[in-house]
Amino acid sequence: MRKPIHPEAVTGEPQAIRWVVDTGELLVGEVLHAAGTLGPMMQYGVITRMFVERGSVWTWLSPEHSWTDHGPRIRDAVVAAVDTDGWDITDGSADLLRFIADDVVHGQLLTFINSHGGQISVVSASIDAVVLDFGGACTDCPAQGRTLHDRVEVALVARYPQLRDVSKVASTHSPTSRPQSPLLRLMKR
């Protein structure tokens, strides 16, 4: 039986597709070599970059190729490869964490954030930490900490388990000190 998979566009990245599919036990990080027919697609430059997160594979198509021509073949290759040995994946990636954080605040949680008149943007990401900027109604909201930990952090950890810190900048854009969340304290044990 074929695994369910569906493509999602990546905001601001017209050559990228996020393939939502069960990734099983694959590491989360940047793909250096992919299994199955994805490997040759990377090797010969059809796919220029690839990441794996929990529940998705991100692929960037070379600018000289089109999703119309290669999308179905890449989709089938992703489905076949996720359950196959032969992957070489870094353990985490700052770029991947930034893409996931952008997707969480500008996609997955956008309706919630907008419903409160807020704005959240990603300031920076490292291999295991994200810094966010809270604007709009979020700037002085007393529930800011709950949004940060109960919404954003939970969504990020579900997709990127290597996450160790989520913080926000003050209105002057200097990092604020805050106690570490209970979720991240438990994960470090």
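Source: prediction; values computed, not measured.

Definitions and limits used
Residues numbered from 1 in each chain as written. Predicted model: local features only at pLDDT ≥ 70, side-chain atom pairs only at ≥ 80, totals over all residues. Heavy atoms only, no water. Helix = DSSP H or I, 4+ residues; strand = E, 2+ residues; numbered from the N terminus. Contact = heavy atoms within 4.5 Å. Areas by Shrake-Rupley, 256 points an atom, 1.4 Å probe, with all protein chains shown as cover. Pairing = 2+ DSSP bridges. Axes fitted to C-alpha atoms, helices over the stretch in contact; angles between N-to-C directions. Core = buried A, V, L, I, M, F, W, Y, C linked by side-chain atoms within 4.5 Å. Buried < 20%, exposed > 50% of the residue type's maximum accessible area, 1.4 Å probe, protein only.

Draft legend 1. Local environment of the overall build of the chain. From N to C terminus, the chain includes six helices and nine strands. For the chain, the proportion of contacts with a sequence separation of at least 24, taken over those separated by at least 6, is 63%. For the chain, the accessible surface area stands at approximately 9600 Å², while carbon and sulfur atoms represent 54% of it.

Draft legend 2. Main features of the sheet that holds strand E8 (residues 129–136). The three strands are arranged E7-E8-E9 in an open sheet whose pairing can be described as mixed. Where the open sheet ends on each side, the last strands, each with one partner, are strand E7 (118–125) and strand E9 (165–168). If you compare each strand with its neighbour and ignore which way they point, the axes differ by 30° on average. Note: E7 against E8, seven bridges, orientation antiparallel. By the bridge assignment for E8, glycine 118 is matched with glycine 136. Taken strand by strand, helix H3 (residues 94–108) contacts E7 and E8, and its axis lies near 180° from that of E7.

Draft legend 3. Local environment of the nonpolar core. Formed by 29 residues in total, the largest nonpolar core has its most connected members in Trp58, Val130, Leu132, Leu156 and Leu163. Elements supplying a minimum of two residues to this core: strand E5 (56–61), H3, helix H4 (110–115), E7, E8 and helix H5 (144–159). With residues near it in sequence (within four places) discarded, valine 130 still touches Leu97, Ala101, Val122, Ser124, Ala125, Leu156, Leu163, Asp165, Val166 and Ser167. Core analysis: the next-biggest nonpolar cluster, separate from the first, contains 26 residues, Ile5, Trp19, Val21 and Val52 among them.

Draft legend 4. Structural view of the pairing of E8. When you tally the buried positions in E8, you get seven out of eight residues, the bulk of the element. Connecting the antiparallel pair E7 and E8 is a turn made up of three residues. Here four bridges tie E8 to E9, and the two strands are oriented parallel to one another. Bridging across to E9, leucine 132 finds its partner in lysine 168.

Draft legend 5. Spatial organisation of the pairing of strand E4 (residues 47–53). For E4, a buried count of five out of seven residues is recorded, marking the element as mostly surrounded by other parts of the structure. In this structure, strand E3 (residues 29–33) lies alongside E4, joined through two bridges in antiparallel fashion. Bridge pairing in E4 links glycine 29 to valine 52. When E4 meets E5, the two strands line up antiparallel, connected through six bridges. Bridge assignment links phenylalanine 51 to a residue of E5, and that residue is tryptophan 58. Where E4 folds back onto E5 in an antiparallel hairpin, the turn is made up of two residues, including glycine 55, whose phi is positive at roughly 90°.

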